[in-house]
Structure formats: C-alpha cells, structure tokens
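# Chains, contacts and geometry: an overview
In case you want the letters, here they are:
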Amino acid sequence: MLLLERSVYLKSKVLIFGSGWRVEGYLRIMKTLSQTYEVTAVITTNKSKKLLYTEQGFTCVATLEEALAIEEPDFILLCINMKFQAAKVLELLDVGIPILVETPLGTSWQELQAIQNHPQSHRYLQVAEQYRYRPLSQARLTIANQGVIGQPHTAQISVTNNYHAFSLMKSYLGTPGRLRSVSAKSFVSPTRSGFSREKDTMGTEKQSEQRILALAEFENGYGIYDFESNQHRSDTRFSSLAIRGEKGEIRDEFARYITHDGPVEGKLIRIERGINENMEGFGLKGIQFNRQWVYQNPWPNVAFSDDDIATATVLEKMREFCQGGHSFYGVDDAIEDMEFTLLLEQALEDEEKVFTLP
C-alpha cells in the first residue's frame, strides 16, 4: 500500500499499540482534538489500563489482528517498553501501514542497524521526538534561523537527557554534519528530591544525583551536554540552554547579539490568554521577540502544556506525512540520536578515552 494511495480523511484514524503513561497523554490530546483524530483501537493486555481506557470511551483489544479487523488506520502509534520496541517496529514494518514510534527507536547497535536496513523503514517510519517542537524551542529556532546570532557553532544543553538532548543539539546547530566523537565525565553531587509521574516530594528528601558533562564533536560544531540525573523533574535545578554563533548568543529566554547599530539584547516574551484582565480563556497565544511573533500556537484556545503542544505538533506532522508529506523525523535522525546515547555510555565507562563512530 502506497502512502499516496491513502485516503485523506476529515479525521486521521490512529491505532495505538501500547498502554503506558505516555499513551495516556496521547489519548488525552487526541480526545481534546477529536475533530482531527479518531482512535480506532488501543492494543493492550494490561487489565487495569484496558478498564481505564474503556471507561474513557476507547475500544481496547489484545492483538493487532483484532485491531485491524475493526478498521484499518491511517497510522499506528507504537508506544511500548523500549526493551521490546525495536522488535515490534520490525514486525509492524511488514504490515505496510505508516508507524509513529516513541523514542528511542532501539537500544543497541544491532537493533538500530536492523531497522535502518529494513527495506520499508525509510518509507513508513517516523519518530515522535517532540522536544524541538516545544514553544520556546520553536521560538529559539526561529531566531537562530533568522541569522540573529550568525551561524550557530556551539549548543549547550542542560534541559533533558540522552537522545532528547542530542536531537536539540542538532536542531540548534542547524547544519552540524555527522557526529564524530563523544567524550564524557561524571560525578555525584548532593541535591533534594523532586517530582515524579506519581507525586511531588516538595524537595523534602536529601539525595545524591549523577551529573554528566559531555562534549559531542560534529563536522561543523560542538554540542555540550550537562545533565543531572533527575534534573528535568527537580524543584532545585534550572533547565538551561545556550546557542552560540559568531554574532551573538541565545541563552534561555534572552539573546545578546550584534546589529548594524552595535550590541543589543532582547528577550523572548510569552503571550498568554487568561492572565489578569484577559477574559479569552486560558491558553498560550505565542512568543514574541522584539515585538514580532517568533512562535504562534496552533491551538491557542486549548489549555495545553508546552509538552502537549509539542506532542500535538508531532501528531499533526505525522498526519501530513501520511497524506504524502515529507519526513519530519525519520529513521536516520532517530538512529543518530541513539548513537550519541550509546557513545555517551561507552565514554562514561572509560573517561580517559574519546569514543568515535565506526
């Protein structure tokens, strides 16, 4: 079945394979955007999740065969334990339906190579790497692409971990070329407990976290990785990001750069609905820089978090891909992200060496 032969539905029909925490987010987003998405079925053998999703109005089945007997989807969303994901990807590629797979694509060199070599992987497979689609990331990318700081040559990521961080490095550098090598150091530092998917400890517990500092060398730039193991769920640590170019630097929500009139500074300003006297309801309108829109939210009337917006953007891009559009995050991108993670793990085992791609 060719992608271009797929009918263009008013709604995109989605089959979800999996039932974990991440699936709950997808289902909530698609239910909110019910005019755009229809979930044909959820494949799960988890009894409690089956009960939960059935009560929410979704059809749950135990096998792919049962799901396809109900209705053929426009695409399959694969969201299962990372240990089993690569094998399931290879199995689903033979079905001939586009697949949106959660990260990571695989967890070993062998799994990644098997997926890359599959004759249908570049045709049917896209990866749900959402971090670059968060509003602030999109705003920063707009500024960088406008040449405000010149050609970026260094991206320092202290926001998220592993393959997610590497995808941001590549996005902010623009044209980094191939990853050449990774070197790393780590140490343990004291901190306080943060929040998890289940609860917020309010920082009441003393604990230790591993902090990793790594340097990724590309053909055309450098990525600096700085991450403490629970930093993205911490109440005592900032998320921080910096992009440097010849003409300036973007750091978090600020930019310092050179113009024809000399050095200037600017700030990214979030424009929200429902603040103070605004009665439009709650939602993000967008982000401005120097009084110009550098990001406008496609769903300003919906109370989505930034990660919800990013995930909804991934779904929209998958929708376009299935209707004959271009790849937005394909096999090669996802494999390079995981190559960084595997090299980082090797570098941490022997901090005296620099590890390079074969």
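Owing to the predicted nature of the structure, the values given are computational and were not obtained by experimental measurement.

### Remarks on the overall build of the protein
- Secondary structure assignment for the protein yields ten helices and 17 strands.
- Along the first, second and third principal axes, the C-alpha set of the protein runs to 65 × 55 × 50 Å.
- Within the protein, the fraction of its 358 residues that count as buried is 50%.
- For the protein, long-range pairs separated by at least 24 residues make up 66% of all intrachain contacts whose partners lie at least 6 apart in sequence.
- Surface accessibility of the protein: about 17600 Å² in total, with carbon and sulfur atoms responsible for 50%.
- Each charge sign in the protein was given a centre, from 38 positive and 47 negative side chains, and these centres are 3 Å apart.

### Brief notes about the pairing of strand β7 (residues 152-158)
- Here β7 lies mainly inside the structure; five of its seven residues are buried.
- Where β7 lies against strand β11 (residues 240-245), six bridges are found, and the strand directions are antiparallel. Bridging across to β11, Pro 152 finds its partner in Gly 245.
- Strand direction decides the pairing type here: β7 and strand β10 (residues 221-228), joined by four bridges, are parallel.

### Thoughts on the sheet that holds strand β3 (residues 60-61)
- If you walk across this open sheet you meet the six strands as β3-β2-β1-β4-β5-β6, and the pairing is parallel. Two strands bound the open sheet, and with one partner strand each, they are β3 and β6 (125-127).
- Here strand β4 (residues 75-78) runs beside strand β5 (residues 99-101); their pairing, made up of three bridges, is parallel. Paired with Leu 78 across the bridge in β5 is Val 101.

### Some remarks on the packing of aromatic side chains
- Evaluation of the coordinates by the stated rule reveals six aromatic pairs.
- Aromatic side chains Trp 299 and Phe 304 sit 6.4 Å apart centroid to centroid with 65° between the ring planes, which places their arrangement in the edge-to-face category. The same class applies to Trp 299 as to Phe 304, namely buried.
- Here the aromatic cluster, defined as three or more aromatic residues joined through ring pairs, consists of Phe 166, Phe 218, Tyr 225, Phe 227 and Phe 340.

### Here's the deal with the confidence of the model for the protein
- For the protein, per-residue confidence averages 92 on the pLDDT scale, and 95% of positions sit at 70 or higher.
- Here residues 1-9 is a poorly scored stretch, pLDDT under 50, and it has 22 contacts once near neighbours within four places are set aside; other chains count.

### Focus on the environment of Lys 50
- Following the sequence through the fold, Lys 50 ends up in helix α2 (residues 47-55).
- We classify Lys 50 as partly exposed; its relative accessible area is 41%.
- A C-alpha to C-alpha distance of 6.0 Å links Lys 50 and Cys 60, two positions ten residues apart in sequence.
- Apart from the residues within four sequence positions on either side, Lys 50 is in contact with Thr 44 and Cys 60.

### Remarks on the layout of surface pockets
- Within this model, the largest pocket holds a volume of roughly 1400 Å³.
- In terms of lining residues, the largest pocket is bounded by 47 residues, among which Gln 130, Tyr 131, Arg 134, His 232 and Asp 307 are the most central.
- Breaking the lining of the largest pocket down by element, the ones donating at least two residues are α1 (21-32), α4 (82-93), α7 (135-145), α8 (162-173), β11 and α9 (306-322).
- Looking at the lining of the largest pocket, the element that brings in the most residues is α1, giving seven residues.
- Grouping the amino acids of the lining of the largest pocket by side-chain chemistry returns 16 nonpolar, 17 polar and 14 charged.

### Focus on the environment of Gln 151
- Relative to the helices and strands, Gln 151 resides in the loop between α7 and β7.
- Separated by 92 residues in sequence, Gln 151 and Ile 243 have C-alpha atoms that sit 9.9 Å apart.
- For Gln 151, the contacting residues outside a window of four places in its chain are Leu 173, Thr 175, Arg 244, Gly 245 and Glu 246.
- In terms of polar contacts, Gln 151 uses its side chain to reach the backbone carbonyl oxygen of Leu 173, at 3.2 Å.

Analysis parameters
Residues numbered from 1 in each chain as written. Predicted model: local features only at pLDDT ≥ 70, side-chain atom pairs only at ≥ 80, totals over all residues. Heavy atoms only, no water. Helix = DSSP H or I, 4+ residues; strand = E, 2+ residues; numbered from the N terminus. Buried < 20%, exposed > 50% of the residue type's maximum accessible area, 1.4 Å probe, protein only. Contact = heavy atoms within 4.5 Å. Areas by Shrake-Rupley, 256 points an atom, 1.4 Å probe, with all protein chains shown as cover. Lys, Arg positive; Asp, Glu negative; His and termini not counted. Charge placed at Lys NZ, Arg CZ, Asp CG, Glu CD. Pairing = 2+ DSSP bridges. Phe/Tyr/Trp six-rings, centres within 6.5 Å; stacked < 30°, edge-to-face > 60°. pLDDT = per-residue confidence, 0-100. 1 Å grid on protein atoms, 1.4 Å probe; cavity = no way out; pocket = protein on both sides within 12 Å on 5 of 7 lines; lining within 4 Å. Points joined across faces, edges and corners; volume = space filled by probe spheres on them. Nonpolar A, V, L, I, M, F, W, Y, C, P; charged D, E, K, R; others polar. Polar contact = N/O pair within 3.5 Å; in protein donor to acceptor, adjacent residues only side chain to side chain.

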